[in-house]
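Summary of structural features
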Amino acid sequence: MNWLSRLLPGSGPAVAPALRSTLEDIAALPAPDLSRSHYETRYVVVNTETGPMEGGGQRLLAVGAVAINKGLLHPGDAFQARLGSAPADAMANLLRFIAKAPAVVYNAPFNQGTLERAFENNLGSIPPLEWLDLMVLMPSLYPERIAGQARMDAWLGAFGIERLDHRDALLEALAVAQLHQVALARAKQQGLGSPRELLDAQSSRKWLRGS
Amino acid sequence: MDNSAADTLIRTHLDFLRRHAPFDRMEADALRFLGERLATAFYPAESEILMPGDGAPNYFYIVYRGKVQARQTGGVAVTEYSTLTLGPGEGFPIGAISAGRPSTNGYLAVEDTYCFQLPAADFLKLQELSPSFQLFCTRYIASLLNQSREQLQVQFSQRAAEQQTMTTPLSGLIKKAPVSVAPELATRAALERMVEAGVGCLAVAGEDAKPVGVLTQSDILKRIVLPGFDLTRPIADVMTAPPHTLNANASAYDAALEMATHGVRHILVVDAEDTLKGVISERDLFALQRIGLRQIRSGIESAADVQALQRASRDIRQLALNLLAQGIGAEQLTQFISALNDALTRRIIELNLDRHDLYGVEYAWLAFGSEGRHEQTLSTDQDNGIIYVLPEWADKEPLKLRLLEFARDVNNDLAACGFPLCEGNIMASNPDLCLTFDEWREKFGSWIREPHPEALLNATIFFDYRVLYGDEKLAYALRHWLLSMTGGNPAFLKAMAANALDVSPPLGKIRDFVTDDDPRHPGTIDLKKFGARLFVDAARVLSLRAGVEATSTAQRLRQAGGRIGMPAEELSAMADGFHFIQLLRLRHQHLDTDHGSSGDNRVKPDDLNELDRRILKEAFRQARKIQLRLKLDYQI
């Protein structure tokens with residue numbers, strides 16, 4: 001049984017037939033081989049736009065995503081959606097854009113958390129994606145630049161990356177994607193040549209600094 | 001899926017591109033095409049972006065953020081800079097990607113750098129889409145052309161310095177082994193040795209070959225003949241001791257200074273062990289300074305006989321080498337050679353007029369072919385003729401005979417001065433080429449009326465005529481008539497155009513160049529037949545069509561091309577291409593003739609350096625472009 005079955009009718013909120021077929025398509029996609037090098041891998045950098053929720057907390061308003069495919073950031077390989085009145089469609093389309101690629105965020109506790117909540121609320125379940133958090137990885141990859149965890153702006157500044165509009169989920173994802181390219185370059189130098197190795201390193205407390 | 005995301009990111013590309021030349025003036029469609037296809041890559045500081053070993057580049061790169069350094073790799077420097085830093089908005093490698101060849105430079109990120117990357121195929125498509133970008137790339141290639149010229153300069157100034165300047169080390173000036181005798185030798189025997197060897201300076205050296213003295217011709221009179229010196233005494237008693245010596249590494253300038261300071265005319269040259277290596281005379285040094293444009297010119301104009309002109313002819317070659325060394329472009333260089341050869345020919349004609357009385361005869365000495373176009377290289381044989389007017393009262397035969405005898409002598413003297421007799425007998429001494437105004441007109445007219453292959457070939461030689469000596473009015477009238485005949489004759493022009501398209505530029509589909517399949521010259525390209533001539537023939541058609549009187553190819557291109565509405569930039573790119581090929585021919589002929597073999601036009605592309613190869617390819621592309629124009633204009 002894969003995770004999709006939990007999204008199917010009976011196991012959660014009702015899912016429209018069209019959406020269900022989308023989700024089936026996504027589930028049928030081949031899983032990428034995470035032991036290939038970064039430069040043979042498609043990563044998807046995901047970012048959220050949120051607003052305050054009634055009763056406290058943040059509500060997901062929009063998502064933006066930019067792929068880094070084989071090391072390159074191509075403008076055609078990008079996605080954005082507002083949740084608006086069809087949040088389930090937006091989340092399913094995001095999932096289809098990610099297409100089982102390793103997902104990259106800055107500040108996973110917030111972004112990954114917000115996204116997973118939205119998947120669960122709208123699609124009935126949390127898809128089992130691989131998540132990389134640059135907030136955690138960057139200080140270990142570039143300890144000489146900034147020691148310890150820092151705000152995203154500090155890292156963007158350290159590499160001269162312009163953040164064109166921080167209220168726009170897509171443009172912010174673009175900035176994070178450029179930061180991810182920086183991360184991949186150093187990871188490769190450090191012998192962390194594949195997404196699998198990077199994921200393992202992220203979960204190894206010994207390797208991590210400042211977390 | 002969702003195109004609004006792509007549009008947003010493409011917009012960020014366009015915002016960036018619009019701030020940088022040449023993209024700021026790029027046509028909207030082309031800019032959009034570019035923006036859609038650029039991918040961003042990151043290169044950390046000190047990492048390689050593109051290296052010559054990577055093969056033909058897959059991408060055209062535009063620096064987005066950071067700094068990239070272009071560094072020359074390999075032993076041969078092909079550009080004037082050894083490193084060049086590129087910043088945001090600057091693109092590379094334009095030359096390599098245009099030519100589909102590995103880059104000559106290595107490109108390294110000197111800081112953390114983001115580059116936009118455009119796939120190579122899209123780069124070429126972009127040039128088609130965007131005239132402004134194409135122009136930018138053409139200009140860039142043209143600047144490479146300049147650099148290559150500067151490179152040639154360096155190469156030749158080295159050679160010229162070795163042979164020519166006052167900084168030449170004395171070791172390079174010694175022409176033969178020194179004549180030396182032992183100090184004990186009887187003076188009579190020493191003098192006999194001097195006569196025998198035909199030298200003006202006798203070195204005296206011990207058994208260890210270290211010079212101890214010197215005796216020169218001028219000493220003989222003062223010290224031996226007049227005082228009645230006893231010739232049985234040893235030479236040591238009469239020689240100048242110690243001799244003036246200089247190390248072989250000293251320069252010609254040092255030697256000149258030494259001679260001037262001590263009032264001597266000879267210097268003994270020794271090596272590090274003080275062993276005698278040779279003798280340098282004042283005359284050897286003088287020869288170094290002798291060759292200059294003005295000197296040659298006045299040498300020619302005052303030459304009293306063919307021997308003096310032969311010397312001048314050798315000087316012209318030497319000057320050509322010097323001018324190449326000074327970085328003069330092919331156009332000016334060939335004009336210089338042409339001007340000096342003109343002066344030489346005129347002087348030969350003048351000297352012959354002393355022996356052949358042509359007083360009162362209206363005639364002109366014509367130059368055809370490359371000489372007529374001011375485009376002589378260094379191994380050009382003679383192509384000449386005579387046009388004259390037959391006075392009503394005169395008999396034709398005796399006058400023509402006089403002209404032919406005169407022409408024969410001039411042809412022979414030209415041959416003696418290094419312009420070989422024309423194998424095809426295109427010479428004024430050929431009765432078929434010593435013609436009256438009406439006969440020339442008839443000849444030209446028949447070729448135009450019936451443009452069979454031989455007529456067309458003749459047209460390519462004879463229509464490029466120019467007056468070297470005599471009555472310019474005759475030639476002018478003939479030119480005027482010729483242009484009036486050809487300009488209004490599309491059939492003839494079409495035939496000329498077809499003839500000009502007979503040979504295509506040797507650009508390969510798979511390899512860069514198509515080389516000659518002649519087994520005697522494997523891997524070579526004849527730069528005359530498959531290079532220069534493509535431009536020359538096309539320019540001729542344009543000039544005949546547009547009524548341009550100039551005979552030089554560059555002038556024809558500029559004037560005629562301009563008249564039929566070809567853009568000036570395109571025309572000068574074509575002229576640049578032509579000149580580059582001429583420059584390669586000159587260089588090749590120089591290197592060859594220096595080695596004693598006769599210069600030809602066969603160049604091995606594999607022997608050229610990377611940049612020259614690239615530019616040569618671009619030059620051939622320019623040839624293709626001008627041919628394409630003819631094809632379109634004449635529907636061939």
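Analysis parameters
Residues numbered from 1 in each chain as written. Chains lettered and ligands numbered in written order. Predicted model: local features only at pLDDT ≥ 70, side-chain atom pairs only at ≥ 80, totals over all residues. Heavy atoms only, no water. Helix = DSSP H or I, 4+ residues; strand = E, 2+ residues; numbered from the N terminus. Buried < 20%, exposed > 50% of the residue type's maximum accessible area, 1.4 Å probe, protein only. Areas by Shrake-Rupley, 256 points an atom, 1.4 Å probe, with all protein chains shown as cover. Contact = heavy atoms within 4.5 Å. Buried area = accessible area lost by both parts, 1.4 Å probe. Salt bridge = Lys/Arg side-chain N within 4 Å of Asp/Glu carboxyl O. Polar contact = N/O pair within 3.5 Å; in protein donor to acceptor, adjacent residues only side chain to side chain. 1 Å grid on protein atoms, 1.4 Å probe; cavity = no way out; pocket = protein on both sides within 12 Å on 5 of 7 lines; lining within 4 Å. Points joined across faces, edges and corners; volume = space filled by probe spheres on them. Nonpolar A, V, L, I, M, F, W, Y, C, P; charged D, E, K, R; others polar. Axes fitted to C-alpha atoms, helices over the stretch in contact; angles between N-to-C directions. Parallel < 35°, antiparallel > 145°, perpendicular 65-115°, else oblique. Left-handed = near helix turned anticlockwise from the far one by under 90°. Patch = residues over 30% accessible without salt bridge, like charges linked within 9 Å, V, L, I, M, F, W, Y side chains within 5 Å. Phe/Tyr/Trp six-rings, centres within 6.5 Å; stacked < 30°, edge-to-face > 60°. Pairing = 2+ DSSP bridges.

Here we look at the overall build of chain A
- For chain A, the count of helices and strands is 7 helices and 5 strands.
- Counting from the amino terminus, chain A carries its helices and strands in the arrangement α-β-β-β-α-β-α-β-α-α-α-α.
- A total of 211 residues make up chain A; the buried ones form 54% of that total.
- A total accessible area of about 9300 Å² is found for chain A, and carbon and sulfur atoms account for 50% of it.

Focus on the overall build of chain B
- Scanning chain B for helices and strands turns up 22 helices and 20 strands.
- Among the 636 residues that make up chain B, the fraction classed as buried is 54%.
- If you take every contact in chain B between residues at least 6 apart in sequence, the share linking residues at least 24 apart comes to 72%.
- Summed over all atoms, the accessible surface of chain B reaches about 28500 Å², with 50% contributed by carbon and sulfur.

Examining the interface of chain A and chain B
- Opposite the 29 residues of chain A that make contact, chain B presents 25 residues.
- When the area that chain A buries against chain B is broken down by residue, the three leading residues are Leu72, Pro75 and Gln80 of chain A, summing to 28%.
- Linking Asp112 of chain B and Arg145 of chain A is a salt bridge whose minimum nitrogen-to-oxygen distance equals 2.8 Å.
- Counting across the interface, chain A meets chain B through 7 residue pairs in polar contact (both at pLDDT 80 or more).
- Secondary structure elements with two or more residues in the side of chain A that touches chain B: strand E3 (72-82), helix H2 (87-98) and helix H6 (169-189) of chain A.

Points about unusual backbone geometry
Residue and element names in this part refer to chain B.
- Residues Phe92 and Pro93 are joined by a peptide bond in cis, for which omega reads -15 degrees.
- With respect to the helices and strands, the residue Pro93 is situated in the loop between strand E6 (91-92) and helix H3 (94-99).
- A cis amide bond, omega -10 degrees, links Ala241 with the succeeding residue Pro242.
- Examined against the element boundaries, Pro242 turns out to sit in the loop between helix H7 (217-225) and strand E12 (245-247).
- One non-glycine residue, Gln635, lies in the positive phi region at around 50 degrees.
- Structurally, Gln635 can be placed in the segment after helix H22 (610-634).
- Assessed through its relative accessible area of 67%, Gln635 is described here as exposed.

Let's talk about the layout of surface pockets
All names here are of chain B.
- Of the pockets and cavities examined, the largest pocket occupies roughly 1300 Å³.
- Around the largest pocket sit 43 residues that line it, and Asp381, Lys528, Arg533, Arg585 and Asn601 are the ones nearest its centre.
- When residues of the lining of the largest pocket are traced back to their parent elements, those giving at least two are helix H13 (369-372), helix H16 (453-462), helix H18 (490-500), helix H19 (528-546) and helix H21 (568-594).
- If one sorts the elements of the lining of the largest pocket by residue count, H19 sits on top with 8 residues.
- By residue class, the composition of the lining of the largest pocket is 12 nonpolar, 15 polar and 16 charged.

Quick notes on the packing of helix H6 (residues 187-197) of chain B against H7 of chain B
All names here are of chain B.
- At a minimum axis separation of 12 Å, H6 and H7 run at an interaxial angle of 150 degrees. Taken as axis vectors, H6 and H7 run roughly antiparallel relative to one another. Here the hand of the crossing between H6 and H7 comes out left-handed. Residues Thr187, Leu191 and Met194 of H6 lie in contact with H7, whose contacting residues are Gln217, Ile220 and Ile224.
- Partitioning the contact of H6 with H7 into residue classes produces 4 nonpolar, 2 polar and no charged.

Some details on a nonpolar patch on the surface
- Together, Leu221, Val225 and Leu226 of chain B make up a nonpolar patch on the protein surface, roughly 320 Å² of accessible area in all.
- Tracing the backbone shows Leu221 of chain B in helix H7.

Let's talk about the environment of Gln589 of chain B
- Turning to its location among the elements, Gln589 of chain B is positioned in helix H21.
- Residues Gln589 of chain B and Leu378 of chain B, 211 residues apart in the sequence, show an inter-C-alpha distance of 6.7 Å.

With respect to the pattern of salt bridges
Residues and elements named next belong to chain B.
- Per the counting criterion, the structure on display carries 36 salt bridges over all chains.
- Measuring nitrogen to oxygen at the nearest pair gives 2.1 Å for the salt bridge that ties Lys396 to Glu439. You can see Lys396 sitting in helix H14 (residues 396-416) and its partner Glu439 sitting in helix H15 (residues 437-449), a full 43 residues away along the chain.
- Notably, a salt bridge pairs Arg629 with Asp633, separated by 3.0 Å at the nearest N-O pair.

Some remarks on the packing of aromatic side chains
- Taken as a whole and assessed by the stated rule, the structure comprises 29 aromatic pairs over all chains.
- Ring centres of Trp155 of chain A and Phe159 of chain A lie 6.3 Å apart, and the angle between their planes is 10 degrees; this geometry places the pair in the stacked category. The same class applies to Trp155 of chain A as to Phe159 of chain A, namely buried.
- On the basis of an interplanar angle of 40 degrees and a centroid distance of 6.2 Å, the ring pair of Phe444 of chain B and Tyr465 of chain B is categorised as tilted. With Phe444 of chain B in helix H15 and Tyr465 of chain B in the loop between H16 and strand E18 (466-470), this pair connects stretches of sequence that are 21 residues apart.

Describing the packing of helix H1 (residues 17-28) of chain A against H2 of chain A
Residue and element names in this part refer to chain A.
- Where H1 contacts H2, the axes come no closer than 10 Å and their chain directions differ by 15 degrees. The angle between H1 and H2 falls in the class roughly parallel. Here H1 runs over H2; the crossing is left-handed. Counting all contacts with H1, which are made through Leu19, Thr22, Leu23 and Ile26, the residues of H2 involved are Ala88, Asp89, Ala92, Leu95 and Arg96.
- Its residues assigned to classes, the contact of H1 with H2 shows 6 nonpolar, 1 polar and 2 charged.

Concerning the sheet that holds strand E13 (residues 266-270) of chain B
All names here are of chain B.
- The mixed open sheet is built from 3 strands, whose spatial order is E12-E13-E14. A single partner strand is all that each edge strand has here, and the edge strands are E12 and strand E14 (276-281). With direction set aside, neighbouring strand axes in the sheet form an average angle of 35 degrees.

Focus on the sheet that holds strand E16 (residues 384-388) of chain B
Residues and elements named next belong to chain B.
- With respect to topology, 4 strands assemble into an open sheet ordered E17-E16-E15-E18, the strand pairing being mixed. The open sheet has two edge strands with one neighbour each: strand E17 (434-436) and E18. Going from strand to strand, the sheet's axes swing by 30 degrees on average, the running direction of each strand aside.
- As paired strands, E16 and E17 are joined by 3 bridges and run parallel to one another. Its bridge partner being in E17, Ile387 is matched across the sheet by Leu435.

Some points on the side chain of Ser313 of chain B
- Looking at the secondary structure, you find Ser313 of chain B in helix H11 (residues 306-325).
- In contact with Ser313 of chain B, not counting residues within four places along its chain, are Leu344 and Cys417 of chain B.

Thoughts on the pairing of strand E2 (residues 58-69) of chain A
All names here are of chain A.
- Relative to E2, strand E1 (residues 42-52) is paired through 11 bridges, and the arrangement is antiparallel. Residue pairing in the sheet places Tyr43 in a bridge with Ile68 of E2.
- Hairpin remark: E1 followed by E2, antiparallel, with 5 residues in the connecting loop; positive phi at Gly55, about 80 degrees.
- Bridge count between E2 and E3: 7 bridges; the pairing is antiparallel. What sits directly across from Val63, in E3, is Ala81.
- Where E2 hands over to E3, the hairpin turn is made up of 2 residues, of which Lys70 adopts a positive phi near 55 degrees.

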